[in-house]
Amino acid sequence: MRRTPFELAAIATAAVPGLQPTAVAPSPDDATDFDAALLETADGRRWRIRAPRGTEASARLETEMLVLRAFEPSVRTELPFQMPAVAGTVRLAGLTTCVYTNLAGTVRGLDELAAGSPRLAQDIGRALAAIHALPQGLVDRADLPVYTANEFRQRRLNELDQAATTGKIPPVLLRRWEQAMEDVTMWRFHPTVVHGDLHEDNLLVDDDRVTAVTGWTDLRIGDPADDIAWLVASNEPAFVDAVLAAYHEARTEPVDPQLARRAALAAEFALAQYLVKALALGDAESAKDGEEMLAQLAEDIEAHDAERDSAGDGTEEGGAPGGDGGHGAEPAGASDRPEAGPDTDSDSGEGHSPEPADAPVAACGPDDATDAIPLVPRHST
């Protein structure tokens with residue numbers, strides 16, 4: 001059952017003694033997992049409340065509290081953006097709800113970000129670079145997940161197995177994703193600290209600057225491409241190029257030539273994760289929505305492959321994301337992004353059989369970072 005902003009305001013008064021909201025408004029969030037609202041008090045101060053909709057989401061909020069405590073002042077002052085602080089918590093029906101002091105800036109839609117100034121794109125890139133440059137001790141101290149590159153690839157394969165068992169993933173997508181996940185050259189990356197739930201709703205912007213980053217529920221050490229996948233859904237290659245150029249310029253690590261390909265894969269695979277999660281929660285409406293998005297993505301990819309084949313380039317159907325050197329399938333819709341599905345620790349290697357490999361895919365560097373990014377449908381939650 002979803003809570004209204006007014007119900008959330010009442011809950012906030014229990015979490016923060018003395019809090020007396022005078023105004024309330026909905027706040028963008030992961031709609032499958034959280035209800036959220038912005039509150040304002042008579043003194044002009046603003047607050048944000050996030051209430052979980054299930055035990056997994058509650059656990060994520062508790063993890064975020066550990067993460068935020070791990071960010072000591074010496075670390076926070078080095079970041080080019082602000083981070084939230086927990087003002088109070090309350091447990092209802094065994095679930096933890098958090099109230100945060102609100103930060104400067106506003107949430108902008110992905111289309112607004114993409115249409116913003118070059119300065120904004122550069123600031124997003126620098127924010128991403130700052131996150132990936134965080135000391136890995138932050139993750140260790142909070143006892144959060146740590147993955148090597150190969151462990152992360154195997155994790156993705158396990159998630160693909162889980163998605164395949166639903167029987168609802170179009171075969172062209174299963175083949176496409178399996179090929180990409182089994183291409184070991186694509187997964188030679190240096191693990192970094194990863195935000196894990198980065199998207200437009202977790203960025204606050206003011207005057208074309210990223211003022212704050214929120215939503216630190218999924219911090220881990222893993223693939224930096226996961227924090228870039230949301231950019232693919234902008235369907236604006238110039239915007240993505242500008243962000244990645246600033247990102248690479250700010251990073252001290254060598255350029256990862258496969259970063260954009262893995263980000264594209266993550267963006268597509270998020271649709272399968274969304275479907276798996278909806279099925280696990282028994283959310284029939286969201287599951288139907290997920291099936292429709294996957295069907296549309298498969299249709300777009302098949303149409304794109306057919307068009308490419310008719311042009312006589314000899315590329316086979318079902319190539320891994322980025323296999324064409326172009327922008328892949330056309331977008332299926334103009335709604336918001338899908339939420340990632342639940343984590344899985346399955347060790348099963350069954351559930352899919354290798355398909356013949358397509359032609360090799362050329363690597364892309366920072367100057368042509370989005371040449372290999374397919375456009376994927378975005379989801380309204």
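Here the structure is a predicted model, which means the values were calculated and not measured. (Residues numbered from 1 in each chain as written. Predicted model: local features only at pLDDT ≥ 70, side-chain atom pairs only at ≥ 80, totals over all residues. Heavy atoms only, no water.)

Undergrad: Explain the packing of aromatic side chains residue by residue, including any values.
TA: For the coordinates displayed, the defined rule picks out six aromatic pairs. A ring pair is formed by tryptophan 177 and phenylalanine 269, whose centres lie 5.3 Å apart and whose planes are at 85°; its orientation type is edge-to-face. One end of the pair, tryptophan 177, is in helix H8 (residues 171-182); the other, phenylalanine 269, is in helix H11 (residues 259-281), and 92 residues separate them in sequence. Each member of the pair, tryptophan 177 as well as phenylalanine 269, is classed as buried. Cluster of aromatic residues (ring-pair linked, three or more members): Tyr147, Phe152, Trp187 and Phe189. A cation sits over an aromatic face here: arginine 50 above phenylalanine 34, 4.1 Å from the ring centre. (Phe/Tyr/Trp six-rings, centres within 6.5 Å; stacked < 30°, edge-to-face > 60°. Helix = DSSP H or I, 4+ residues; strand = E, 2+ residues; numbered from the N terminus. Buried < 20%, exposed > 50% of the residue type's maximum accessible area, 1.4 Å probe, protein only. Lys NZ or Arg CZ within 6 Å of the ring centre and 35° of its normal.)

Undergrad: Tell me what's going on with the pairing of strand S2 (residues 34-41), and back it up with residues and numbers.
TA: Looking along a regular strand, one sees side chains alternate from face to face of the sheet. Counted residue by residue, S2 has six buried out of eight residues, so it is predominantly covered. Where strand S1 (residues 21-26) and S2 come together, five bridges link them in antiparallel fashion. Paired with alanine 23 across the two strands is glutamate 40, which belongs to S2. Sheet topology places S2 next to strand S3 (residues 46-52); seven bridges connect them, and they run antiparallel. Its bridge partner lying in S3, aspartate 35 is registered against alanine 51. Hairpin remark: S2 followed by S3, antiparallel, with four residues in the connecting loop; positive phi at glycine 44, about 90°. (Pairing = 2+ DSSP bridges.)

Undergrad: Tell me about the pattern of salt bridges, and please be specific about residues and values.
TA: Evaluated as defined, the whole model comprises 22 salt bridges. Between arginine 156 and aspartate 226 there is a salt bridge, with its nearest N and O atoms 3.2 Å apart. A residue pair is termed long-range when its members are at least 10 positions apart, and arginine 156 in helix H7 (residues 149-164) and aspartate 226 in the loop between strand S9 (220-222) and helix H9 (229-232) qualify at 70 residues. With respect to class, arginine 156 is no different from aspartate 226; both count as buried. Where arginine 176 meets glutamate 268, a salt bridge forms, and the shortest distance between an N and an O atom there is 2.9 Å. A residue pair is termed long-range when its members are at least 10 positions apart, and arginine 176 in helix H8 and glutamate 268 in helix H11 qualify at 92 residues. Connected via shared salt-bridge partners are Asp33, Glu56, Arg60, Asp197, Asp218 and Lys277. (Salt bridge = Lys/Arg side-chain N within 4 Å of Asp/Glu carboxyl O.)

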